[in-house]
Amino acid sequence: MGGSTKGVLIAIEGIDAVGKRTQSSLLNSWLRSKSFTTSAMSFPDYGTAIGQEVKRFLLGTRNYSPEVRHMLFAANRWEKKAELEAMLLGVDVVIVNRYSESNLAYGTSNGLPLPWLVNLEEGLPKSDLVLVLDASPGVVYRRRGLNKDRYERNVGLQERTRNAYLMLAKEFGWKVVDASQGIEATSSALNSEVSAVLAANGRTV
Ligand code: TMP
């Protein structure tokens, strides 16, 4: 893995049900087939105390203001900071299925100021590569359905969030990948982006 001691952190992002889980898992298998060591994490992590609280407001059994909701999403990452840092020291690549970038996209879509949201993430490990899976909520809805929790049921929020991802991608250099194409085509587009970042980090695929 070249001379670097820290693993590369790759965030898989996008609106609900756009295929992040499938693509994270395909990317993981592909990297392993190329002899990279990998670990994976997913946010929200519903297994922690704060994650349980996140689950409650997503299911509507608890009501919080947007500020509190997005502070809890960020706090959920802070709960996992030490674990994530240890992972990054132990493997070549850590894949996160949603990370800080979710809070910037969903938070701004919920009317919160970007600098305030960015500040909540300050001090957490930074993503080396952000891959935004992009498809319209209409396509996603026809493919998978969006009806699990209060964020998923809100098609207006999904539309605003898709636009937020596209704007933030321009601002922060996130890579947007068309996820309305088939699973395989999306996966190979992701692999190319990852190869480029690994090469830039001194690791040849
Ligand atoms: P999930 O469906 O991927 O488990 O995520 C639940 C919802 O939480 C999803 O609509 C996106 C939202 N979310 C945020 O708004 N901020 C965050 O930081 C994270 C991780 C998720």
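Predicted model only: the values in this text are computed from it and were never measured. (Residues numbered from 1 in each chain as written. Predicted model: local features only at pLDDT ≥ 70, side-chain atom pairs only at ≥ 80, totals over all residues. Heavy atoms only, no water.)

Let us look at the site of the ligand. Inspection of the region around the ligand gives 14 residues, with Asp16, Tyr46, Arg77, Arg98 and Asn103 positioned closest. The separation between an oxygen atom of the ligand and a polar side-chain atom of aspartate 16 is 3.0 Å. The side chain of tyrosine 46 places a nitrogen or oxygen atom 2.6 Å from an oxygen atom of the ligand. Coverage of the ligand by the protein amounts to 91% of the 480 Å² it exposes when considered alone. Elements with a contribution of two residues or more to the shell around the ligand: helix 3 (66-79), helix 5 (100-109) and helix 8 (150-153). Per-class residue counts for the shell around the ligand are seven nonpolar, three polar and four charged. (Near = heavy atom within 4 Å. Polar contact = N/O pair within 3.5 Å; in protein donor to acceptor, adjacent residues only side chain to side chain. Areas by Shrake-Rupley, 256 points an atom, 1.4 Å probe, with all protein chains shown as cover. Helix = DSSP H or I, 4+ residues; strand = E, 2+ residues; numbered from the N terminus. Nonpolar A, V, L, I, M, F, W, Y, C, P; charged D, E, K, R; others polar.)

Turning next to the sheet that holds strand 4 (residues 129-134). Paired through their backbone hydrogen bonds, the strands of a sheet run either parallel or antiparallel. Within the open sheet, the five strands sit side by side as 2-3-1-4-5. Their pairing is parallel. Each having just a single partner strand, strand 2 (38-42) and strand 5 (175-178) make up the two edges of the open sheet. Mean inter-strand twist for the sheet, computed between neighbouring axes without regard to direction, equals 25°. Two elements, strand 1 (residues 8-14) and strand 3 (residues 93-97), share five bridges in a ladder whose sense is parallel. Each residue of the ladder has a partner; that of valine 8, found in strand 3, is valine 93. (Pairing = 2+ DSSP bridges. Axes fitted to C-alpha atoms, helices over the stretch in contact; angles between N-to-C directions.)

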